[in-house]
Amino acid sequence: MENAVLTIQDVSKRFGHYQALDHVSLTIRRGDVYALVGENGAGKTTLMRMITGLSPISQGAIVLLGENARHYQMALSRIGAVIETPAAFDKLTVAQNLRLTAIQHGVTRDADIEDAIGFVGLTAKRDVKAKNLSLGQRQRLGLATAILAHPDFLILDEPINGLDPTGIVEFRELLHRLNVEKQTTILISSHILSELYQVATRFGFLHHGTIIKEVTRAALDAENSGGLQVTVDDAAKAAQVLDAAGLKGLHVSDDQHLTLAGAAADSAAVNRLLVQAGVAVVGIRVRTTSLEDYYTRLLASKEDAQ
Ligand code: ATP
């Protein structure tokens, strides 16, 4: 597929009798921030390890940056990855750790090292040994290592683990800058779904080793939209007006509140109808449900179908 950074074709993985991945296919396109969502043991890390060559592909195929088996190593040199706990040499400082990575990747410009340190906000810690960094600072060092060689594609397995609230916000901004300013395509997993929702452009839901759903952020928002929550002085009268106008999915919650289901409800039109009929409109709010709700409902529908 044109513009595909990663194509996973019918990949399966067994550990002994355990089927960790079961015919997984997915495509990540240039510019995507692709979020892999799944329960503990769903197979997220296994998939990421296979993409990065840490675990062999025995069934199916993976095409990375246009390269498959023969030139896969070449493609790997154009990606960055932080999988599981970021590895760092404890006795080396932040800058020394990055220098080592720079040598391994053939990065020769000192400025690249300083840029990476600055980008992840570790300038004040550049001369501190890795063993003396906090968990969140180690995560940042891992990210600096992964982005040092300006990868086209970045793979991050639970990168937000251990970050404090400020760190999480900063990390979100870092990812956004990497994606928008440096055109880095990103594959990310996390259990903090509220964060994933804020950074991702597409979601892939992995459940017991199978992709059960792929959805763009826009489609998820549309599907997730719970309609409108309307606050008025007289909910019964408002309901009559909207019903007479042919609006569907009306529900009166109490004397002052009613809801309109579905994404089709247009707040401006509803407001106009009510005001013209003499109903005082206190507020109209688009109801949205969270990625957590979406995920929970998706899993429930899977369980029901079984
Ligand atoms: P988490 O959210 O907990 O990190 P995950 O989705 O990343 O979970 P994986 O680490 O990919 O899950 O594990 C998927 C399944 O495969 C688990 O049941 C795990 O026990 C099993 N597994 C992974 N690696 C091995 C291995 N080397 N040998 C045997 N089983 C393994």
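Scroll up to find the structure.
Here's what I pulled together on the structure shown here. Position numbers for residues count from 1 along each chain, tracking the sequence in the order it is written. Reporting in this predicted model follows two pLDDT cut-offs: at least 70 for local features of residues, and 80 or more for side-chain atom pairs to be given and counted; totals over whole chains, interfaces and linings ignore these cut-offs and use all residues. In computing side-chain properties, one takes all heavy atoms of the structure into account and sets aside hydrogens as well as water.

## What about the overall build of the protein chain?
For step 1, the next point in the chain: Where helices and strands are cited, they refer to DSSP runs of H or I of at least four residues and of E of at least two residues respectively, numbered from the N terminus. A tally of regular secondary structure across the protein chain gives 11 helices and 13 strands.
For step 2, the next point in the chain: By principal-axis analysis of the C-alpha atoms, the protein chain measures approximately 75 × 50 × 35 Å.
For step 3, the next point in the chain: When accessible area is computed with a 1.4 Å probe and restricted to protein chains, residues below 20% of their type maximum are described as buried, those above 50% as exposed, and intermediate ones as partly exposed. The 306 residues of the protein chain split such that 45% are buried.
For step 4, the next point in the chain: Whether two residues are in contact is decided by their heavy atoms, any of which lying within 4.5 Å being enough. A fraction of 67% describes how many contacts in the protein chain between residues 6 or more apart in sequence connect residues 24 or more apart.
For step 5, the next point in the chain: When the accessible surface of the protein chain is split by element, carbon and sulfur atoms take 51% of a total near 15300 Å². A 1.4 Å probe and the Shrake-Rupley method give the accessible areas. Residues count as covered only by the protein chains that appear here.

## Re the pattern of salt bridges
For step 1, the next point in the chain: Salt bridges, as used here, are contacts in which a Lys or Arg side-chain nitrogen is within 4 Å of a carboxyl oxygen on Asp or Glu. Taken as a whole and assessed by the stated rule, the structure comprises 12 salt bridges.
For step 2, the next point in the chain: Between Asp110 and Arg99 there is a salt bridge, and its shortest N-O distance comes to 3.3 Å. Note that Asp110 is positioned in helix H4 (residues 110–119) and Arg99 in helix H3 (residues 94–105), a separation of 11 residues in sequence.
For step 3, the next point in the chain: Under the relative-accessibility criterion, Asp110 is labelled partly exposed at 45%.

## Here we look at the sheet that holds strand S1 (residues 4–15)
For step 1, the next point in the chain: By definition, two strands form a pair when at least two bridges between them are found by DSSP. Here 3 strands make up an open sheet; going across it, the order is S2-S1-S4 and the pairing antiparallel. On the outer flanks of this sheet lie strand S2 (18–29) and strand S4 (59–64), each paired with one strand and no other. In this sheet, adjacent strand axes meet at a mean angle of 15 degrees when their direction is disregarded.
For step 2, the next point in the chain: Relative to S2, S1 runs antiparallel, the two being bridged by 8 bridges. Residue pairing in the sheet places Ala4 in a bridge with Arg29 of S2.
For step 3, the next point in the chain: All axes are obtained by fitting lines to C-alpha atoms, using only the stretch in contact for helices, and the reported angles, taken between N-to-C directions, cover 0 to 180 degrees. Across the sheet, helix H1 (residues 44–51) is in contact with S1, S2 and S4; its angle to S1 comes to roughly 120 degrees.

## What to know about the side chain of Gln137
For step 1, the next point in the chain: The topology assignment puts Gln137 in helix H5 (residues 135–147).
For step 2, the next point in the chain: Separated by 2.8 Å, the side chain of Gln137 and the backbone nitrogen of Ser134 make a polar contact.
For step 3, the next point in the chain: Setting aside chain neighbours within four positions, we find Gln137 in contact with Leu122 and Lys125. By the criterion applied in these results, polar contacts are pairs of N or O atoms within 3.5 Å in which, for protein atoms, one can donate a hydrogen and the other can accept it, and in which residues neighboring in sequence qualify only through two side-chain atoms.

## Some remarks on H1
For step 1, the next point in the chain: When you tally the buried positions in H1, you get 6 out of 8 residues, the bulk of the element.
For step 2, the next point in the chain: Buried residues of H1: Lys44, Thr46, Leu47, Met48, Met50 and Ile51, and no others.

## A word on the nonpolar core
For step 1, the next point in the chain: Counting residues in hydrophobic clusters, the biggest one holds 48 residues, and the most contacted among them are Leu156, Phe203 and Phe205.
For step 2, the next point in the chain: Counting 28 residues, the second-largest nonpolar core is a separate cluster that includes Val24, Leu26, Met50 and Leu64. Only buried Ala, Val, Leu, Ile, Met, Phe, Trp, Tyr and Cys residues count toward a nonpolar core, and they belong to the same one when joined by side-chain atoms within 4.5 Å.

## A look at the site of the ligand
For step 1, the next point in the chain: The rule for a residue being near a molecule or strand is that one of its heavy atoms must lie within 4 Å of it. Neighbouring the ligand are 13 residues, the closest being Gly41, Lys44, Thr45, Thr46 and His191.
For step 2, the next point in the chain: Contact distances for the ligand include 3.4 Å between an oxygen atom and a side-chain N or O atom of Tyr18.
For step 3, the next point in the chain: The contact in question runs from an oxygen atom of the ligand to an N or O atom on the side chain of Thr45, over 2.7 Å.
For step 4, the next point in the chain: In isolation the ligand has 640 Å² of accessible area, and contact with the protein removes 59% of it.
For step 5, the next point in the chain: Listed by contribution, the elements that provide at least two residues to the shell around the ligand are S2 and H1.
For step 6, the next point in the chain: The biggest single contributor to the shell around the ligand is H1, with 3 residues.
For step 7, the next point in the chain: Under the convention adopted here, Pro, Cys and the residues Ala, Val, Leu, Ile, Met, Phe, Trp and Tyr are nonpolar, Asp, Glu, Lys and Arg are charged, and Gly plus all remaining residues are polar. Residues belonging to the shell around the ligand are distributed by class as follows: 4 nonpolar, 6 polar and 3 charged.

## Some remarks on the packing of aromatic side chains
For step 1, the next point in the chain: Only the six-membered ring of Trp is used, alongside the rings of Phe and Tyr, when aromatic pairs are assigned; centres must lie within 6.5 Å, and planes under 30 degrees apart are stacked while those over 60 apart are edge-to-face, with the rest tilted. Taken as a whole and judged by the stated rule, the model has 4 aromatic pairs.
For step 2, the next point in the chain: Ring plane angle 20 degrees and centroid distance 6.4 Å describe the contact between Phe203 and Phe205, whose orientation is recorded as stacked.
For step 3, the next point in the chain: For Phe205, a relative accessible area of 0% puts it in the buried group.
For step 4, the next point in the chain: Arranged with centres 5.6 Å apart and planes meeting at 40 degrees, the rings of Phe205 and Tyr294 form a pair that is tilted. On the criterion of sequence distance, the pair formed by Phe205 in strand S8 (residues 202–207) and Tyr294 in helix H11 (residues 291–305) is long-range, its members being 89 residues apart.
For step 5, the next point in the chain: Taken together, the ring pairs connect Tyr197, Phe203, Phe205, Tyr294 and Tyr295 into an aromatic cluster.
For step 6, the next point in the chain: Put simply, a charge is over a ring when the Lys NZ or the Arg CZ is close to the ring centre, within 6 Å, and near the line of the ring normal, within 35 degrees. Its guanidinium or amino end placed over the ring of Tyr197, Arg217 lies 4.2 Å from that ring's centre, counting from NZ or CZ.

## A short note on the side chain of Ser190
For step 1, the next point in the chain: Relative to the helices and strands, Ser190 is located in the loop between strand S7 (185–189) and helix H7 (193–199).
For step 2, the next point in the chain: In this structure the side chain of Ser190 is engaged in a polar contact, spanning 2.9 Å, whose partner is the backbone nitrogen of Ile192.
For step 3, the next point in the chain: Setting aside residues no more than four positions away along its own chain, Ser190 makes contact with Leu36, Glu158, Ile160 and Leu196.

## Remarks on a negative patch on the surface
For step 1, the next point in the chain: Taken together, the side chains of Asp233, Asp234, Asp254 and Asp255 present a region of like negative charge at the surface.
For step 2, the next point in the chain: On the accessibility criterion, Asp255 (65% relative accessible area) is exposed. Any residue with relative accessible area above 30% and no salt bridge may belong to a patch, with like charges joined within 9 Å and the nonpolar Val, Leu, Ile, Met, Phe, Trp and Tyr side chains within 5 Å. By the counting rule applied here, Lys and Arg register as positive and Asp and Glu as negative, while His and the ends of each chain are not counted. All charge positions are set by atom: Lys at NZ, Arg at CZ, Asp at CG, Glu at CD.

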